[in-house]
Amino acid sequence: MLTADTALRPKTSSEALTEYLFIDASENRFEINQRAYNDPAAFEKERELIFHKCWLYLGHQSEIPNNKDFVTRHVGGYNLIFNRDKQGKVHAFYNYCSHRGPRLAVEERGNKNVFSCPYHGWVYGSDGELRSTGSTGGYCDTINKDGRFNLRKVPRLDHYRGLYFVNYNTNAVDLETYLADTKEILDLMVDQFEEGLEVLQGEQLMFNGGNWKLVTDNFVDTYHAPILHSSYFEYSIRRTGGIDVSGAMTAGLGAGLGNGHCYWENPLALGRPVAGWIPAFGEDSKPLIEAKRAELLEQFGEERGARIADVNRNMVVFPNLVVTDNVSLSLRTVYPDTVDTLRMNIWTLGGVGEPEQIRDVRVRSHLSFVGPAGFAHPDDFELFDRIKAGYYTTPDKWLDFSKGMATEEVPAGDRTRSSGAWLDESQERAWWSQWDRILGGAETLE
């Protein structure tokens, strides 16, 4: 890696707490050193201070609808069993045998009353309790009287509106406090469907070169959309029946929601399967979608109903849960495998009991843009690789995140709640400000 001869900081007057950021409001400068993305020291701090102390998304209740259902999932460096026991209680266990440590469940999902280890035959109930040591002798009857050989639970498990999160820090703040104002945006998503949300069958897994933070930057970075994804916006004119959305490109808001969470909203009429019909959805879906829009306005009133029905939004729940509620509805997490490789899991959502015509529209709309082979992801992932290449073939440099800084609002000086125009970068600065506070020791998340 090439490095510059100059010191890492461009000045000493930065508001930032770490050496990776430079903030100077008087000069409208918010800059991130490229080493924030590829420095192994920063990566190790992230593992310790972020992934082991933040609330991390685990899964949705619809993925384990029945007693004894389970899924296995990588979350923050650990492999977990997310399940319901035979009484219906939800658990999150570390996925290993308490005897010698082999992984217990190797399937991605299933339904099991017990989890058995193939090595020595230890058996655990769906509630995590040790049922058998696989041996007729050699152990005393009180071997597990203190429960030390039961499956180990994650320190914290909680949920909000069907979304389950884990935290590996026993002393962490409670989930609702941590979520801060993201709850309002999550409510707008869940309230689209009277019978609730469900994860559609299947899951997309993508691997790519680049640091994981490139994804969290990208999904709230609106600046790049009409440039990098210009082919999609050209296509959208045909898709929407000739509607030119360029006039709405400057509308909307980008903002921080506290605790590093951030989002944008915009009324671009690109089609929303829930309640925003366009010709590409087909004439047979039009009456269903228009009736759904009328239902939402009646249920929630004109203002909130229209916000649910018509407004697109992306949100990042710090550090790495991306919520997309626009031409499709999806959740995704991004984790680092190494400092400069990442994995992304994508789950598409729909409404419980929604008509098949709408479900079909929803899936096709997802795949056309934010699916892995759509208009957006191939563009984005190629750029991630190019950015990664740039880090290792150019001198140490500072990256600019200052767009709109001169006109944004920063309530009480809290940059995690800064807000500004949709095409500016207030939302990204909110995320990075929390990252800086955590790595700099000002925020313990407790």
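Residues numbered from 1 in each chain as written. Predicted model: local features only at pLDDT ≥ 70, side-chain atom pairs only at ≥ 80, totals over all residues. Heavy atoms only, no water.

Enquirer: Give me the domain arrangement of the chain: which residues, what numbers.
Expert: The figure often quoted for interface size is the accessible area lost as the parts come together. Partitioning the chain into domains gives domain 1 (67–154) and domain 2 (181–439). Using C-alpha coordinates to define each centre, domain 1 is positioned 37 Å away from domain 2. The interface is formed by five residues belonging to domain 1 together with four residues belonging to domain 2. Approximately 360 Å² of surface area, both sides summed, lies buried where domain 1 meets domain 2, with 46% of it carried by carbon and sulfur atoms. Its largest share of buried area at the contact with domain 2, domain 1 owes to Arg-73, His-74 and Gly-76, together 73% of the area lost on that side. For Glu-203, the salt bridge is made with Arg-109, and the minimal N-O distance between the two is 3.6 Å. Sort the elements by how many residues they give to the side of domain 1 that touches domain 2 and strand β4 (residues 69–75) lands first, with three residues. Here the side of domain 1 that touches domain 2 is composed, by residue class, of one nonpolar, two polar and two charged. (Domains from an automatic or database assignment. Contact = heavy atoms within 4.5 Å. Buried area = accessible area lost by both parts, 1.4 Å probe. Salt bridge = Lys/Arg side-chain N within 4 Å of Asp/Glu carboxyl O. Helix = DSSP H or I, 4+ residues; strand = E, 2+ residues; numbered from the N terminus. Nonpolar A, V, L, I, M, F, W, Y, C, P; charged D, E, K, R; others polar.)

Enquirer: Got a sec to walk through the sheet that holds β4? Specific residues and values, please.
Expert: Strand pairing in a sheet relies on backbone hydrogen bonds, with the paired strands running either antiparallel or parallel. The four strands lie next to each other as β6-β5-β4-β7, forming an open sheet whose pairing is antiparallel. Both outer strands of the open sheet, β6 (90–94) and β7 (109–111), are each paired with one neighbouring strand and no more. Averaged over all pairs of adjacent strands, the angle between their axes in this sheet comes to 25°, without regard to strand direction. As paired strands, strand β5 (residues 78–84) and β6 are joined by five bridges and run antiparallel to one another. Following the sheet pairing, Asn-83 is matched in β6 by His-91. (Pairing = 2+ DSSP bridges. Axes fitted to C-alpha atoms, helices over the stretch in contact; angles between N-to-C directions.)

Enquirer: Residue-level account of the pattern of salt bridges, with values.
Expert: With the rule as written, the count across this model stands at 33 salt bridges. Note that Lys-112 and Glu-107 form a salt bridge whose closest N and O atoms lie 3.0 Å from each other. Note on Lys-112: relative accessible area 22%, which makes it partly exposed. Here Arg-161 ties to Asp-191 by a salt bridge, and the two come within 2.9 Å at their closest N and O atoms. In this pair, Arg-161 is assigned in the loop between β11 (156–160) and β12 (163–167) and Asp-191 in the loop between α4 (182–190) and β13 (197–199), connecting sequence segments 30 residues apart. When its relative accessible area of 16% is taken as the criterion, Asp-191 is described as buried. Look at the salt bridges and you will find they share partners, linking Glu-184, Glu-265, Arg-272, Arg-307, Arg-313 and Asp-325 into a network. (Buried < 20%, exposed > 50% of the residue type's maximum accessible area, 1.4 Å probe, protein only.)

Enquirer: How would you explain the packing of α4 against helix α8 (residues 286–310) if you had to name every residue and give the values?
Expert: The interhelical angle for the contact between α4 and α8, taken along N-to-C directions, is 75°, at an axis separation of 9 Å. Between α4 and α8, the angle falls in the class roughly perpendicular. Along its contact with α4, which presents Glu-184, Ile-185, Asp-187 and Leu-188, the element α8 presents Arg-304, Arg-307 and Ile-308. The class makeup of the residues in the contact of α4 with α8 is three nonpolar, no polar and four charged. (Parallel < 35°, antiparallel > 145°, perpendicular 65-115°, else oblique.)

Enquirer: An account of the environment of Ile-32 is requested, with residue identities and associated values reported.
Expert: Tracing the sequence through the fold places Ile-32 in strand β2 (residues 29–33). In this structure, the C-alpha to C-alpha distance between Ile-32 and Leu-288, residues 256 residues apart in sequence, is 47 Å. Dropping the residues within four chain positions of it, Ile-32 is found in contact with Tyr-20, Leu-21, Tyr-37, Lys-397, Trp-398, Leu-399, Phe-401 and Trp-432.

Enquirer: So, the sheet that holds strand β1 (residues 21–24): which residues are in play, and what are the values?
Expert: As summarised here, the arrangement of the three strands in space is β1-β2-β21, forming an open sheet in which the pairing is antiparallel. The sheet is open, and its two borders are formed by β1 and β21 (398–400), each paired with just one other strand. This sheet shows a mean twist of 25° between the axes of neighbouring strands, independent of strand direction. As judged from the four bridges shared by β1 and β2, these two strands associate in the antiparallel manner. Across the sheet, the residue bridging to Ile-23 is Phe-30, located in β2. Contacting β1 and β2, helix α11 (residues 426–439) runs over the sheet at an angle of about 60° to β2.

Enquirer: Can you break down the packing of aromatic side chains residue by residue, with the values?
Expert: How two aromatic rings sit relative to each other is set out by the distance from centre to centre and by the angle between their planes. The tally for this structure, following the rule as stated, stands at 21 aromatic pairs. Geometrically, the ring pair formed by Phe-70 and Phe-115 is edge-to-face, given 5.3 Å between the ring centres and 80° between the ring planes. Placement of Phe-70 in strand β4 and of Phe-115 in strand β8 (residues 114–116) is noted, with a sequence separation of 45 residues between them. Residue classification places Phe-70 among the buried residues on the basis of a relative accessible area of 1%. With a relative accessible area of 1%, Phe-115 lands in the buried category. Taking the centre distance of 5.4 Å and the plane angle of 80° together, the rings of Tyr-78 and Tyr-94 count as edge-to-face. (Phe/Tyr/Trp six-rings, centres within 6.5 Å; stacked < 30°, edge-to-face > 60°.)

Enquirer: I'd like a rundown of unusual backbone geometry, residues and numbers included.
Expert: Outside of glycine, negative phi angles account for most residues, and trans bonds account for most peptide bonds. Looking along the chain, the bond that leaves Phe-318 and enters Pro-319 is cis, with omega of 5°. Among the structural elements, Pro-319 can be located in the loop between β17 (312–317) and β18 (321–325). Positive phi, normally seen in glycine, also occurs at Arg-161, with a value near 50°. On the basis of relative accessibility, which here comes to 36%, the residue Arg-161 falls in the partly exposed class. In this structure, Asn-259 is a non-glycine residue whose phi angle is positive, near 60°.

Enquirer: Go over the nonpolar core with me, naming the residues and quoting the values.
Expert: With 98 residues, the main nonpolar core has Leu-21, Tyr-37, Val-166, Met-189, Trp-432 and Trp-435 as its most contacted residues. A total of six residues in this core trace back to one element, the largest contributor, which is α11. Each of two domains, domain 1 (67–154) and domain 2 (181–439), supplies a minimum of three residues to this core. Contact partners of Tyr-37, with chain neighbours within four places excluded, come to Ile-32, Asn-211, Lys-213, Leu-214, Asp-217, Val-339, Tyr-391, Leu-399, Phe-401 and Trp-432. (Core = buried A, V, L, I, M, F, W, Y, C linked by side-chain atoms within 4.5 Å.)

Enquirer: So, the pairing of β4: which residues are in play, and what are the values?
Expert: Burial analysis of β4 places six of its seven residues in the buried class, which makes it a mostly covered element. Across three bridges, the pairing between β4 and β7 is antiparallel. The partner of Val-71 across the bridge, within β7, is Arg-109. In this structure, β4 lies alongside β5, joined through six bridges in antiparallel fashion. Paired with His-74 across the strands is Asn-79, a residue of β5. Turn length for the β4-β5 hairpin, with the two strands adjacent in sequence and antiparallel, is two residues, and the turn residue Gly-76 shows positive phi of about 60°.

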